[in-house]
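# Residue-level structural notes
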Amino acid sequence: MKIVMLERSSLGEDIDLTQFENLGELVMYDQSTAADTPEKVKDADIIIVNKVPMNRETLEGAANLKMIAITATGYNIIDKAYTDSRGIAVANVGGYSTDSVAQHTFALALYLLEQLDYYDKYVKSGEYVKCDIFCHMDRRISELAGKTWGIIGLGAIGKRVAQIAQVFGCNIIYYSTSGKNRDSVYESVSLDELLARADVVSIHAPLNAATENMMNIERFRKMKPEAILINVARGPIVNERDLVTALNENLIAGAGLDVISAEPMKAGNPLLEIQDSTKLIVTPHIAWATREARSRLMDEVYLNIQAFLHGEKRNLIP
């Protein structure tokens, strides 16, 4: 049994993967592309993959392939019609990053609300040494208690964020992008109402035709000027050029992004025009990537493969 892992570097060097050697011959590549994948997988029985497209072009020569184990929840890299035609099983992992992404949501929000970039630089510049009183309050900071937190997409992560925000004392409202998620605990509102009422808007929705470019200049104009936007879902949900305009024109107070339209970021991305981190903070798609979440992910991938080898259907995508 030959198992080929195509993107070892995307999992982090601090994650122990030796358990996979128990399943068969393990071959790992730090990075892979669609162009070099066919040669790498030609003798594979099982492929472990995250981003490389799995389709006729990459898999046609893999005559022994029986299973694809995705190190993620989404499976848009899979040409399901093709894998089905070959009888290749596909398994994914759900729920492993819920706490990690929820935590990062609050890291971004609190960084903005507490103006941490400004105050950290104030102290490290030596200005606090010159201060003649015990505190310095040139930038206003705000409590979450009593604020309205608006959640776009009330799936598992959205619900976890709602629970934590309630502990901070927030009033929770939400908008279901699919219309399917309903929760009697929280108030369901239209998107326009959510934008008008919320002090914090956080996005936890999938990318689809209904959500792509959802947050554009018209929507930013409906938000409170003191509100902040957090996106830890998918980059194209937010129109980046319009977000820059909204921040420059003070239509909203700030934004925290962990996802952008093209990853890694391109040199011409308009977000780079804003260097003021009290208004905009961008992290490189790390909300999912706590060590604990990555360990859970790979433990689940291992169990998926182990179950498949024993003839069991564990997390197989129908």
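Everything in this summary refers to the structure shown in the same document. (Residues numbered from 1 in each chain as written. Predicted model: local features only at pLDDT ≥ 70, side-chain atom pairs only at ≥ 80, totals over all residues. Heavy atoms only, no water.)

## Considerations on the nonpolar core
In terms of nonpolar packing, the biggest core is built from 46 residues, with Phe20, Ile48, Trp149, Met298, Val301 and Ile305 touching the most fellow members. For this core, the element with the highest residue contribution is helix α4 (residues 98-113), accounting for seven residues. Dropping the residues within four chain positions of it, Val301 is found in contact with Phe20, Ile48, Ala69, Ile70, Thr71 and Val93. (Core = buried A, V, L, I, M, F, W, Y, C linked by side-chain atoms within 4.5 Å. Buried < 20%, exposed > 50% of the residue type's maximum accessible area, 1.4 Å probe, protein only. Helix = DSSP H or I, 4+ residues; strand = E, 2+ residues; numbered from the N terminus. Contact = heavy atoms within 4.5 Å.)

## Some details on the sheet that holds strand β2 (residues 25-28)
What the five strands build is an open sheet, ordered β2-β1-β3-β4-β5; its pairing is parallel. In this open sheet, the two strands that pair with only one neighbour each are β2 and β5 (89-91). Ignoring strand direction, the axes of neighbouring strands in this sheet form an average angle of 15°. Pairing analysis gives three bridges linking strand β4 (residues 67-70) to β5, with the strands arranged parallel. Bridge assignment links Ala69 to a residue of β5, and that residue is Ala91. Lying over the sheet, helix α11 (residues 291-309) contacts β1 (2-5), β3 (46-49), β4 and β5, oriented at roughly 160° with respect to β4. (Pairing = 2+ DSSP bridges. Axes fitted to C-alpha atoms, helices over the stretch in contact; angles between N-to-C directions.)

## So, the pairing of strand β9 (residues 200-203)
Burial along β9 is two-sided: the residues Val200 and Ser202 and Val201 and Ile203 are all buried. Taken together, the four bridges between strand β6 (residues 148-152) and β9 define a ladder with parallel strand orientation. Among the inter-strand pairings, Ile151 is bridged to a residue of β9, identified as Ser202. Relative to strand β10 (residues 228-231), β9 runs parallel, the two sharing four bridges. Across the sheet, residue Ile203 finds its bridge partner in β10, namely Asn231.

## So, the environment of Ala35
Within the secondary structure layout, Ala35 lies in the loop between β2 and α1 (37-41). Take Ala35: its relative accessible area is 73%, and that puts it in the exposed class.

## Topic: helix α5 (residues 116-124)
By the burial criterion, the buried members of α5 are Asp117, Tyr118, Tyr119 and Tyr122. Residues of α5 that are buried in the fold lie against α4 and α6 (127-130). Positioned one or two residues after α5, Gly126 has a phi angle of 95°, which is positive.

## Observations regarding the packing of α4 against helix α7 (residues 156-167)
At a closest axis distance of 9 Å, the pairing of α4 and α7 adopts a crossing angle of 50°. As far as their axial angle goes, α7 and α4 are oblique. Here the hand of the crossing between α4 and α7 comes out right-handed. Each of Thr98, Asp99, Val101, Ala102, Thr105 and Phe106 in α4 lies in contact with α7, whose residues at this interface are Ala156, Ile157, Arg160, Val161, Ile164 and Ala165. Grouping the amino acids of the contact of α4 with α7 by side-chain chemistry returns eight nonpolar, two polar and two charged. (Parallel < 35°, antiparallel > 145°, perpendicular 65-115°, else oblique. Left-handed = near helix turned anticlockwise from the far one by under 90°. Nonpolar A, V, L, I, M, F, W, Y, C, P; charged D, E, K, R; others polar.)

## What about α4?
Residues lying three or four places apart along an α-helix face the same way, a consequence of the helix completing one turn every 3.6 residues. Look at α4: 23 Å from first C-alpha to last across 16 residues, which is about the 22 Å you get at 1.5 Å a residue. Among the residues of α4, Thr98, Ser100, Val101, Ala102, His104, Thr105, Phe106, Leu108, Ala109, Leu112 and Leu113 are the ones counted as buried. In the segment just after α4, Gln115 is the residue with positive phi, at about 50°. (Expected span 1.5 Å × (residues − 1).)

## Observations concerning unusual backbone geometry
Cis geometry marks the peptide bond from Glu263 to Pro264; its omega dihedral reads 0°. Here Pro264 lies in the loop between β11 (254-257) and β12 (280-282). The phi dihedral of Asn213 falls on the positive side, at around 65°, and the residue is not glycine. Topologically, Asn213 is positioned in the loop between β9 and α9 (217-220).

## Regarding the packing of aromatic side chains
Inspection of every chain in the model, using the stated rule, returns six aromatic pairs. Here Tyr118 and Tyr119 contribute two aromatic rings whose centre-to-centre distance is 5.0 Å and whose plane-to-plane angle is 80°, an arrangement assigned as edge-to-face. Take Tyr118 and Tyr119: they sit in the same class, and that class is buried. For the ring pair Tyr118 and Tyr122, a centre distance of 6.4 Å and an interplane angle of 25° mean the geometry is stacked. One end of the pair, Tyr118, and the other, Tyr122, are both in helix α5, four residues apart, so they sit about a helical turn from each other. Since its relative accessible area comes to 19%, Tyr118 is described here as buried. With a relative accessible area of 12%, Tyr122 lands in the buried category. (Phe/Tyr/Trp six-rings, centres within 6.5 Å; stacked < 30°, edge-to-face > 60°.)

## Some details on the pairing of strand β7 (residues 171-175)
Where β6 meets β7, five bridges bridge the pair, whose relative direction is parallel. Bridging from a neighbouring strand, Ile151 pairs with Tyr174 of β7. On the question of chirality, the crossover connecting β6 to the parallel β7 by way of α7 is right-handed. Where β7 lies against strand β8 (residues 187-188), two bridges are found, and the strand directions are parallel. In the sheet register, Ile173 faces β8, and the bridge partner there is Glu187. (Right-handed = clockwise from strand over helix to strand, strands pointing away.)

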